[in-house]
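So you can see what is in the structure, the chains are spelled out below.
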Amino acid sequence: MNLHQFRFVQEAVRRNLNLTETAKALHTSQPGISKAILELEEELGVDIFARHGKRLKRVTEPGQLVLQSIEAIMRELANLRRIGEDFSRQDAGTLSIAATHTQARYVLPAPVAALRTAWPKVAVSLHQGTPDDVARMVLDDAAEIGMATERLTQYDDLVTLPCYEWRHVAVMPADHPLTQLERIGLEHLVRHPLISYHPSFTGRGRIDAAFEQRGLKPQIALEAIDSDVIKTYVRLGLGVGIVAEMAVRDDPMCAPGGELVAMPLGHLFGANVARIAFKRGAYLRHFVFAFAELLSERLNRALIERAMHGPTGGDAASDAM
């Protein structure tokens, strides 16, 4: 057996047993993957996959155990590489970060700049996507650290830690009638077209839940993944925007006397928690800890290591909050 066979099995499962997609992802041929998997099954003496003709249909019961072992082997292989890099080039390397657009645009610039000042030989590779994309990139070792919403906690193979809390705000033109209110309610918002995040992004689930609990149906005029796009359409008069508070904090358009007015909505939708995520059991290089500490004063090396390798190996939210 060899590492190529392990990669083929692992990627086939990730690609929903589609060997054509698996071959594309690994830049090889479908017959070659099929042959390698069959050879591994023959050597192990068990069927990893149940088949219908030449197609893979499902992972068998012994296949589930084989897959767990393969995941552990591949994780430790990645750890070995990182250990080598960590100790051979202690002040250099590449830090790969996966984040949603809001985190990448409004939260990460300052800590990334601070990291580059402290570790000038460390390059930063930034990947953006949905919270599910962020989780998958960390699990696939495309990123060492992920940053997104509470959705990251849904992945058992990720260790997540709370980083900071944030709330939503309403954004509207300065002459909008809602600016005359001291406190915006759901009954006010429901009367106007709304522009907010796509359901998979930035606390949108809390917004939908709040309206549903009151039996109200909001008029969603437009959904986007980018706070700047939402603000652009608000300026054009398409509706009232609902965005994360960090998206307006340093925006001149939302400053007193600016073109837009931001009003708090935390009393309606509650607090959201931005979280950072690591692959469970992964070896974290020294500058990964340094970067995590730059993200939030709640985070420190001892807390992260306890969450990664402690008795539960799980979420240390109570310690970090």
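What you see is a predicted model; the values in this text were computed from it and never measured.

Enquirer: Hey, could you go over the overall build of the protein for me, with residue numbers and the actual values?
Expert: In terms of helices and strands, the protein carries 14 helices and 12 strands. Counting every position in the protein, which comprises 321 residues, the buried fraction comes to 49%. Sequence separation of at least 24 residues holds for 73% of the intrachain contacts in the protein that already meet a minimum separation of 6. A total accessible area of about 15,900 Å² is found for the protein, and carbon and sulfur atoms account for 51% of it. Of note, the protein has its 36 positive side-chain charges centred 2 Å away from the centre of its 39 negative side-chain charges.

Enquirer: So, the environment of Lys-217: which residues are in play, and what are the values?
Expert: On the secondary structure map, Lys-217 appears in the loop between helix H9 (204–213) and strand E9 (219–224). Here the alpha-carbon distance between Lys-217 and Val-190, two residues 27 residues apart in the chain, equals 6.9 Å.

Enquirer: Can you explain a nonpolar patch on the surface? Please cite residues and give values.
Expert: Side chains of Val-229, Tyr-233, Leu-236 and Leu-238 sit close together on the surface and give an oily, nonpolar patch of about 330 Å² of accessible area. Looking at the secondary structure, you find Tyr-233 in helix H10 (residues 227–235). With relative accessibility at 30%, the residue Tyr-233 sits in the partly exposed group.

Enquirer: Describe the packing of helix H1 (residues 3–14) against helix H2 (residues 19–26), with residues and values.
Expert: Axes are the key here: two packed helices are described by the angle between their axes and the distance separating the axes. In the contact formed by H1 and H2, the axes pass within 9 Å of each other and the chain directions differ by 125 degrees. Comparing the axis directions of H1 and H2 gives the class oblique. Crossing hand, H1 versus H2: right-handed. Residues Arg-7, Phe-8, Glu-11 and Ala-12 of H1 form the contact with H2, whose participating residues are Leu-19, Thr-22, Ala-25 and Leu-26. Class assignment for the residues of the contact of H1 with H2 results in five nonpolar, one polar and two charged.

Enquirer: Can you tell me about the side chain of Asn-272, naming the residues and giving the values?
Expert: The residue Asn-272 is located in strand E12 (residues 272–279) in this model. In this structure the side chain of Asn-272 is engaged in a polar contact, spanning 3.2 Å, whose partner is the side chain of Arg-206. The residues touching Asn-272, leaving out its near neighbours within four places in the chain, are Glu-150, Tyr-164, Glu-165, Trp-166, Arg-167, His-168, Gly-203 and Arg-206.

Enquirer: Provide a residue-level description of the UniProt feature "domain: HTH lysR-type" (unreviewed entry) in the protein, including the pertinent values.
Expert: As recorded in UniProt, the feature "domain: HTH lysR-type" (unreviewed entry) lies at residues 1–59. Secondary structure across residues 1–59 comprises 59% helix and 15% strand; the distance between its end C-alpha atoms is 19 Å.

Enquirer: Could you give me a rundown of unusual backbone geometry, with the residues and numbers involved?
Expert: With a phi angle near 55 degrees, Asn-16 is a residue other than glycine that sits in the positive phi range. As for its placement among the helices and strands, Asn-16 is situated in the loop between H1 and H2. Its identity is not glycine, yet Asp-141 carries a phi of approximately 65 degrees, on the positive side. In this structure, Asp-141 sits in the loop between helix H7 (131–139) and strand E5 (145–148).

Enquirer: Can you lay out the packing of H1 against helix H3 (residues 30–44) for me, pointing to particular residues and giving the numbers?
Expert: The N-to-C vectors of H1 and H3 enclose an angle of 110 degrees; their axes lie 9 Å apart at closest approach. The angle between H1 and H3 falls in the class roughly perpendicular. Contacts between H1 and H3 pair Gln-5, Phe-6, Phe-8 and Val-9 from the former with Gly-32, Ile-33, Ala-36, Ile-37, Glu-39 and Leu-40 from the latter. Per-class residue counts for the contact of H1 with H3 are seven nonpolar, two polar and one charged.

Enquirer: Just give me the short version of the confidence of the model for the protein, but keep the residues and values in it.
Expert: Mean pLDDT over the protein stands at 89; residues scoring 70 or higher make up 94%. Scored below 50 in pLDDT, residues 316–321 makes 14 contacts in the model with residues more than four places away or belonging to other chains.

Enquirer: Outline the sheet that holds strand E3 (residues 93–99), listing residues and values.
Expert: Here we have five strands laid out as an open sheet, ordered E4-E3-E5-E12-E6, and mixed in their pairing. Both outer strands of the open sheet, strand E4 (122–128) and strand E6 (158–166), are each paired with one neighbouring strand and no more. Put simply, the sheet's adjacent strands are angled 25 degrees from each other on average, direction ignored. Sheet topology places E6 next to E12; eight bridges connect them, and they run antiparallel. Bridge pairing in E12 places Glu-165 opposite Val-273. Docked against the sheet, helix H12 (residues 286–295) engages E3, E4, E5, E6 and E12, running at close to 45 degrees with respect to E3.

Rules and cut-offs
- Residues numbered from 1 in each chain as written.
- Predicted model: local features only at pLDDT ≥ 70, side-chain atom pairs only at ≥ 80, totals over all residues.
- Heavy atoms only, no water.
- Helix = DSSP H or I, 4+ residues; strand = E, 2+ residues; numbered from the N terminus.
- Buried < 20%, exposed > 50% of the residue type's maximum accessible area, 1.4 Å probe, protein only.
- Contact = heavy atoms within 4.5 Å.
- Areas by Shrake-Rupley, 256 points an atom, 1.4 Å probe, with all protein chains shown as cover.
- Lys, Arg positive; Asp, Glu negative; His and termini not counted.
- Charge placed at Lys NZ, Arg CZ, Asp CG, Glu CD.
- Patch = residues over 30% accessible without salt bridge, like charges linked within 9 Å, V, L, I, M, F, W, Y side chains within 5 Å.
- Salt bridge = Lys/Arg side-chain N within 4 Å of Asp/Glu carboxyl O.
- Axes fitted to C-alpha atoms, helices over the stretch in contact; angles between N-to-C directions.
- Parallel < 35°, antiparallel > 145°, perpendicular 65-115°, else oblique.
- Left-handed = near helix turned anticlockwise from the far one by under 90°.
- Nonpolar A, V, L, I, M, F, W, Y, C, P; charged D, E, K, R; others polar.
- Polar contact = N/O pair within 3.5 Å; in protein donor to acceptor, adjacent residues only side chain to side chain.
- UniProt positions renumbered as here; feature names shortened; annotations may be inferred.
- pLDDT = per-residue confidence, 0-100.
- Pairing = 2+ DSSP bridges.

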